[in-house]
Amino acid sequence: MQFISTPDVPAPGGHYSQAVEANGFVFVSGMLPISTSGAGAQGSFEEQARIVLQHCENVLAAAGCRLDHVVQCTAYIVGIDNWPVFNRIYSERFGAHRPARAVVPVPELHHGFLIEVQMTAVSA
């Protein structure tokens, strides 16, 4: 087991790793759209979705992976009305690659954020 960390995303706010590589998989912890300055929830849902997917991509890169290594993604979004926006941004980032995915509408997230995403990838 290897713990993955990168300075390219904000440090974890709790007792967990940004990602863990084990048995040929990389498990990316739930990423919130915290700015690199550590600022709380800011911007529209679209802006937050773009930030959180970039954070995931940065953690994957630290593990030697890319988005096309992702086999599963779970997105927690505040407001089901944000689903189409998330789907559009997600499809832009992933292109033709279509990992298994769940989008879970939730009433709220920590610190007022509108989205949290976790991923599992095949180790490169």
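Higher on the page you've got the structure.
Worth saying up front: this structure is predicted, and the values here are computed from it rather than measured.

Asks: I would appreciate a short explanation of the pairing of strand β6 (residues 115-122) in the present structure.
Replies: Two faces make up the sheet, and in a regular strand the side chains alternate between them. Where strand β3 (residues 25-31) lies against β6, 5 bridges are found, and the strand directions are antiparallel. Residue pairing for β6: Val28 is matched across the bridge by Met119. In terms of strand pairing, strand β4 (residues 70-78) meets β6 through 7 bridges, oriented antiparallel. Bridged to Ile77 within β6 is Ile115.

Asks: What am I meant to see in the sheet that holds β4 here?
Replies: Backbone-to-backbone hydrogen bonds pair the strands of a sheet. The strands run either parallel or antiparallel. The mixed open sheet is built from 6 strands, whose spatial order is β1-β2-β3-β6-β4-β5. Across the chains shown, the open sheet's two edge strands, defined by having one partner strand only, are β1 (2-4) and β5 (100-106). Taking the axes of each pair of neighbouring strands and ignoring which way they run, one obtains an average angle of 15 degrees across the sheet. As judged from the 7 bridges shared by β4 and β5, these two strands associate in the parallel manner. Across the sheet, residue Tyr76 finds its bridge partner in β5, namely Val104. In this fold helix α1 (residues 45-62) packs onto β1, β2 (19-22), β3, β4 and β6, with an angle of close to 30 degrees to the strand it touches most, β6. Where helix α2 (residues 83-94) meets the sheet, it contacts β4, β5 and β6, and its direction lies at approximately 150 degrees from that of β5.

Calculation rules
Residues numbered from 1 in each chain as written. Predicted model: local features only at pLDDT ≥ 70, side-chain atom pairs only at ≥ 80, totals over all residues. Heavy atoms only, no water. Pairing = 2+ DSSP bridges. Helix = DSSP H or I, 4+ residues; strand = E, 2+ residues; numbered from the N terminus. Axes fitted to C-alpha atoms, helices over the stretch in contact; angles between N-to-C directions. Contact = heavy atoms within 4.5 Å.

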